[in-house]
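# Report on the structure
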Amino acid sequence: MTDLLKGLNAEQKLAVTTREGPVLVLAGAGSGKTKVITVRMAYLMLWGVKPENILAMTFTNKAAGEMKERVAGLVGKDKAKLLTVGTFHSFCVKLLRAHAAAAGLAPNFTICDASDQIAAVKGALRELRIGEASIQPSVLQGRISLMKNKLMSSDGFLASAADDQDELVGRAWKMYEEHLRRARTVDFDDLLLFTLQLLRTNERVRAELEQRFRYVMVDEYQDTNGPQYEIVRLVAGRHKNLCVVGDDDQSIYGWRGADVTKILSFDKDFRGAKVVRLETNYRSTEPILAAANAVIAHNPDRHAKTLRSAIGKGEDVVMLRGDDEVSEADTVARQIGELVRLTRAQFSDFAVLFRTQTQPRAFEEQFRLRAIPYVLIGGMSFFDRKEVRDVLAYLKLAHNPRDEVAFLRVVNCPPRGIGRGSIDKAVEIATQHGISTVQVFETPELAAELPAATVDAVRAFRNQLSVFAADPGEALVGWMRQLLEAVNYRAEVDRAYLEPKLREERWQGVLEILDLAENHVRRTRKASLSTFLEALTLDAEDSRDDGKVKHKDAVTLMTLHSAKGLEFERVYLVGVEEGILPHARSVAEDTVEEERRLMYVGITRAKRHLTITLTKTRSKYGTRVESHPSRFLYEMKGEKPPKDWKAAGSAAPAVRVTEGGQRTRKKKSSKRSAAVDLPHKDL
DNA sequence: CATGAATTTTTTTTT
DNA sequence: AAAATTCATG
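## Digging into the sheet that holds strand S14 (residues 555–559)
- One open sheet holds the 6 strands; their spatial order is S11-S16-S15-S12-S14-S13, and the pairing between them is parallel. Whereas interior strands pair on both sides, the edge strands pair on one side only; in this sheet they are strand S11 (318–322) and strand S13 (374–376). Here the strands of the sheet are splayed against their neighbours by 20° on average, with no regard to which way each runs.
- Alignment of S11 against strand S16 (residues 606–615), held across 5 bridges, turns out to be parallel.

## Remarks on helix H14 (residues 226–235)
- Taking burial as the measure, the 10 residues of H14 include 8 buried ones, the bulk of the element.
- Gly-226, Pro-227, Gln-228, Tyr-229, Glu-230, Ile-231, Val-232 and Val-235 are the residues of H14 that are buried.

## With respect to helix H3 (residues 33–46)
- Compared with the 20 Å implied by 1.5 Å per residue over 14 residues, the 20 Å span of H3 between its first and last C-alpha is a close match.
- Buried residues dominate H3, accounting for 12 of its 14 residues.
- Of the positions making up H3, those classed as buried are Lys-33, Thr-34, Val-36, Ile-37, Thr-38, Val-39, Arg-40, Met-41, Ala-42, Tyr-43, Leu-44 and Met-45.
- At the exit of H3 stands Gly-48, carrying a positive phi of roughly 95°.

## What about the environment of Ala-72?
- With respect to the element layout, Ala-72 can be found in helix H4 (residues 61–75).
- Under the relative-accessibility criterion, Ala-72 is labelled buried at 18%.
- C-alpha separation for the pair Ala-72 and Leu-83, spaced 11 residues apart in sequence, amounts to 10.0 Å.
- Contacts of Ala-72, omitting those with residues within four sequence positions, involve Lys-77 and Ala-80.

## Digging into the protein's contact with DNA strand B
- In the vicinity of DNA strand B, 28 residues are found, and the nearest of them are Arg-355, Gln-357, Ser-422, Thr-559 and Arg-585.
- Of all atoms in DNA strand B that approach within 4 Å of the protein, 54% are sugar or phosphate atoms.
- Within the side chain of Gln-136, one N or O atom sits 3.1 Å away from a phosphate oxygen of DNA strand B.
- Classifying every residue of the surface near DNA strand B by side-chain character gives 6 nonpolar, 16 polar and 6 charged.

Reading guide: rules and limits
- Residues numbered from 1 in each chain as written.
- Chains lettered and ligands numbered in written order.
- Predicted model: local features only at pLDDT ≥ 70, side-chain atom pairs only at ≥ 80, totals over all residues.
- Heavy atoms only, no water.
- Pairing = 2+ DSSP bridges.
- Helix = DSSP H or I, 4+ residues; strand = E, 2+ residues; numbered from the N terminus.
- Axes fitted to C-alpha atoms, helices over the stretch in contact; angles between N-to-C directions.
- Buried < 20%, exposed > 50% of the residue type's maximum accessible area, 1.4 Å probe, protein only.
- Expected span 1.5 Å × (residues − 1).
- Contact = heavy atoms within 4.5 Å.
- Near = heavy atom within 4 Å.
- Polar contact = N/O pair within 3.5 Å; in protein donor to acceptor, adjacent residues only side chain to side chain.
- Nonpolar A, V, L, I, M, F, W, Y, C, P; charged D, E, K, R; others polar.

By themselves, these are just geometric observations and shouldn't be taken as functional.
Now the structure itself:
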């Protein structure tokens with residue numbers, strides 16, 4: 001036992017050894033948060049707690065995996081395997097599958113991902129004859145999701161609708177809901193809400209969980225939203241052995257309904273909670289922490305704390321300003337290349353962190369140009385590709401024939417002579433009768449209203465699929481091959497991509513899904529179609545680079561959001577400009593404080609070297625626009641912005657500079673020298 | 001109904 | 001600039 005606690009400071013020890021009762025660990029960045037949780041689990045087991053009785057909730061699968069691995073290192077694989085460690089969402093899916101009937105769900109319910117949700121929202125708008133001009137589908141989807149995460153119901157929302165726009169949202173929301181129910185589908189938010197409902201109404205299930213999970217831990221508690229909080233409260237309600245770990249300065253999911261005040265009021269919700277503060281940073285050097293502290297100090301309403309470095313002195317934070325995004329990326333690529341060549345630095349020591357998904361493009365290009373290996377995290381590109389989505393839809397449809405979104409996606413891919421017009425009509429009939437579109441074709445009276453040729457075509461299609469109705473279990477891969485063969489998916493690829501090279505590439509994408517399936521079957525106990533689909537929708541990223549590139553020596557490219565919880569020897573924080581960080585929309589919506597926390601998260605990822613970059617001009621929507629240093633940079637340096645400085649959201653529009661076309665691309669060498677000028681002059 | 005051209009929109013962040 | 005959507009034609 002003394003071994004376990006060795007290397008922990010006094011506060012960390014306190015957090016670990018307080019086994020009973022509620023504990024709140026306020027853990028600054030790099031203060032050994034993960035260490036506390038993992039050692040705590042090991043410590044509990046040392047005191048005779050069975051691993052089956054421990055539950056740990058994380059926000060990403062990556063964090064869950066890392067946690068499991070670290071506990072395994074402490075107590076051994078066999079014991080660690082018996083722990084329940086996972087994301088809220090995966091925990092909920094398991095529970096809902098086990099108690100589908102009690103939760104009011106079909107046993108074969110499917111989960112729709114982000115783009116399925118958009119498709120469903122669009123469908124709802126169309127049925128209500130609301131033009132997409134009056135509200136953007138993505139905006140509508142966001143609002144629905146936010147409401148749900150604030151534990152509001154569609155009826156409640158509609159009843160309190162203040163204006164026409166709210167009314168419209170409310171009606172669309174109800175239609176969207178109906179849509180999902182009919183298709184036997186749930187969205188991400190529903191996973192939490194159905195679980196909550198189940199725990200509230202079903203005494204037996206709740207008692208079972210309460211009894212089983214005598215010790216509950218929650219990582220990144222500052223990002224817990226309403227439903228998640230309630231679930232935790234119910235599960236940990238009896239034993240109250242709840243340990244939550246978080247940092248209010250790193251709360252960056254407010255837009256998803258996360259409620260920062262929860263971490264500030266924890267000791268009120270759980271009386272007698274012990275509060276432990278971890279303020280010693282074991283990750284970064286003094287200059288990096290000084291920068292972080294300077295920025296975050298500008299946020300009011302926070303648990304005041306100052307991180308102290310246990311590392312000590314180090315290199316200053318460097319700032320670079322490039323002419324444009326190409327030169328910015330070029331400079332970073334060149335530096336990384338040189339450092340790896342001339343020093344002991346490895347590619348995997350580096351991370352490039354950015355705010356939005358459009359930023360990595362230039363970096364990918366430059367990295368490829370200089371043959372610098374990189375991994376783009378979360379780029380979603382793979383699962384957004386048409387052929388991948390199609391195949392996924394086929395799988396979902398086989399699993400749940402009423403999955404509306406999947407059905408509509410693939411009925412006519414490859415073309416089966418089922419046109420847009422007939423399908424629209426079928427959807428309309430389905431809406432009138434409150435059934436799914438597929439059912440229209442199964443009901444002779446209703447099908448009679450549609451063109452006979454279409455009906456026959458759909459029937460033939462359904463017959464093709466009915467062969468695959470049964471879950472193949474571990475024989476998944478062969479089954480998938482047969483399915484693709486049966487529906488002649490190759491024809492769709494050939495049709496959509498005329499160029500042979502592209503064709504081959506896209507077909508490779510299809511084959512890659514087969515690889516994923518094979519990996520999944522190999523690694524998963526009791527693998528089946530439904531476990532595979534869950535793995536794909538819930539941890540898309542992880543399953544992708546699994547087995548393949550896990551330990552590749554490569555630079556990491558990712559968003560600030562996905563960087564939370566990670567650390568790197570050398571960090572490039574790029575595009576630190578008004579309009580990007582803080583994002584223009586955050587300025588408009590008055591949520592700059594959350595952006596500041598994002599900046600803080602970015603800075604504190606760096607262990608030894610931090611470089612902040614920005615540009616002079618940047619192309620936006622295809623035109624070149626002048627960029628301005630982020631306000632956070634002035635805050636960091638303790639300076640006042642110049643008089644002519646303009647905030648991103650201010651009324652003055654961004655200035656157009658030039659329409660620089662090919663010119664920028666050719667003169668690479670001349671640009672290089674210009675790229676590196678210290679912004680002290682500019683700032 | 002399918003195809004390619006013309007048009008329009010797009011950029012927050014994620015389970 | 002690229003992607004998505006709508007339009008016009010066979």
